[in-house]
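Letter by letter, the chains look like this.
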Amino acid sequence: MGKVHCGRCAISSFCPAYVLSEDKRCTQELECLEFSTILWRWGRQQRKMKPVIVVHGGAWAIPDAMSGASVRGVKAAAWGGFSVLKQGGSCLDAVEQAVRVMEDDPVFDAGHGAVLNADCEVELDAIIMDGETLAAGAVSSIRNISNPVTLARSVMEKTDHVMLTDRGADRFANSLGMPRVSTEALVTEDERRKWEHYQKYAKGVKDLFNSQWVQGHDTVGAVALDCRGNVACATSTGGIRNKMVGRVGDSPIIGSGGYADNFSGAASCTGHGESIMKVTLARLILFHMEQGGALQLVCKQEEGAGKRGQTSRNRADQLSCAVPSIRRESSGLYSGIGTVVFQ
């Protein structure tokens, strides 16, 4: 399409620069924007979206003794994020706040309540992504930080990188003056007892993810749509109990543990990270939704994704995931908001 000048081109009334400038004159030249893109951006500014947030507390079979606390936890997270949206806050602020609530709740495997690795240490992963700009920040294998999602956002906003890991991430957190907490403060007594039960990583993975009902609590996440029509996602986890030191799953990987794009939607995944990473599940689901697929159908199509290639190595990976997603329709409005859980 080339350059667009307000007052000169055939579609001047739809030019975002024309619409948004106070004196109704073109303030900039727009390079190589398709006509549909211009119409959508203009229309989004003219119509205020109804804010929405969806949260998940992990794909696992919640014991009866923890069901009440889990429900209260996700409700508190949803209300925390939605209160940000109701006050006109951004979707990024909303998903960060929602995930922080769950990171502070020992019921969930994120921040406080995280599982222990093979060396009886806590290693945390998180990601946050802005659907408007595709900016993302992630951290992996960090220790002694109670809110990894906030550190991930700092990586996005205060560095030139997308992900920091291990010592580098810890050093960055120190440079920001982020408060440190002890491992004891992040781990519950119940987790220490369960850690003793699972002495081998392979056995733990099999018990957690390849049974009919998923055992052991898992990743938390949130997706949100704000009144400006922007979407965002955030995901945070302590990983798998008794995992090898340095193991990183899908959660902090862009396109796997989470993805957000204003032109398609947002998704946050939870489940067996090794299986999710094989198909970059979050981005794959949004890709299918871009093609017009219904959310339930899209997830059903990917249900056996973790089993691909098992004939060559006799693998028995089972993809057990919860995928909260927000979908953008061709009209520019968002719909198809919901959570699909499949095993």
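The following refers to the structure shown. Please read all numbers here as calculations on a predicted model, not as lab measurements. Just so you know, the residues in each chain are numbered from 1, in the order the chain's sequence is written. In keeping with the predicted nature of the model, local features appear solely for residues at pLDDT of at least 70, side-chain atom pairs appear and are counted solely at 80 or more, and the whole-chain, interface and lining totals rest on all residues. Hydrogen atoms and water are omitted, and side-chain values are computed over all heavy atoms in the structure.

A closer look at helix α6 (residues 166–175)
Helical geometry: 3.6 residues make up each α-helical turn, so side chains three or four residues apart lie on a common side. Here the term buried applies to any residue with accessible area under 20% of the maximum for its type, exposed to any over 50%, and partly exposed to those in between, with areas from a 1.4 Å probe on protein chains only. Helix numbering and strand numbering both begin at the N terminus, where a helix is a DSSP run of H or I of at least 4 residues and a strand a DSSP run of E of at least 2. For α6, the set of buried residues is Ala-169, Asp-170, Phe-172 and Ala-173. Seen from one end, α6 has its buried residues packed into an arc of 160 degrees, which puts them on one side. Among the exposed residues of α6, those oriented more than 90 degrees off its buried face are Arg-167, Arg-171 and Ser-175. Backbone geometry just after α6 places Gly-177 at a positive phi near 75 degrees. Here, the arc refers to the directions that run from the helix axis to the C-beta atoms.

Examining the environment of Glu-132
Locating Glu-132 in the fold gives a position in the loop between β2 (124–130) and β3 (136–142). The exposure class of Glu-132 is partly exposed, given its relative accessible area of 46%. When the C-alpha atoms of Glu-132 and Ala-260 are compared, they prove to be 8.1 Å apart, with 128 residues separating the residues in sequence.

A short note on the pairing of β3
Remember that side chains alternate between the two faces of the sheet whenever the strand is regular. Counting buried positions over the 7 residues of β3 gives 7, a clear majority of the element. Sheet analysis places β2 next to β3, joined by 5 bridges and oriented antiparallel. Within the sheet, the bridge partner assigned to Ala-126 lies in β3 and is Val-139. Bridge count between β3 and strand β4 (residues 163–165): 3 bridges; the pairing is parallel. Residue pairing for β4: Ala-138 is matched across the bridge by Met-163. In this scheme, strands are said to pair when DSSP sees at least two bridges between them.

Topic: the packing of helix α4 (residues 91–103) against helix α5 (residues 148–158)
Whenever a helix is involved, its axis is fitted only over the stretch in contact; in every case the axis is a line through C-alpha atoms, and angles between N-to-C directions fall within 0 to 180 degrees. Following both chains from N to C, one finds α4 and α5 inclined at 150 degrees, their axes separated by 8 Å at the closest point. One way to sum up the angle between α4 and α5 is to call them roughly antiparallel. Touching Leu-92, Asp-93, Glu-96, Val-99, Arg-100 and Glu-103 of α4 are Pro-148, Val-149, Thr-150, Arg-153 and Met-156, all from α5. Split by residue class, the contact of α4 with α5 holds 5 nonpolar, 1 polar and 5 charged. Our angle categories are set so that under 35 degrees counts as roughly parallel, over 145 as roughly antiparallel, 65 to 115 as roughly perpendicular, and the remainder as oblique. The contact criterion used is simple: two residues touch if any of their non-hydrogen atoms lie within 4.5 Å. Each residue receives one of three labels: charged for Asp, Glu, Lys and Arg, nonpolar for Ala, Val, Leu, Ile, Met, Phe, Trp, Tyr, Cys and Pro, and polar for the others, Gly being one of them.

Some remarks on the sheet that holds strand β5 (residues 220–225)
The sheet built from 6 strands is open, its strands ordered β1-β5-β6-β2-β3-β4 with mixed pairing. On the outer flanks of this sheet lie β1 (52–56) and β4, each paired with one strand and no other. This sheet shows a mean twist of 5 degrees between the axes of neighbouring strands, independent of strand direction. Helix α3 (residues 64–86) rests against β1 and β5 of the sheet, and its axis sits at about 155 degrees to β1.

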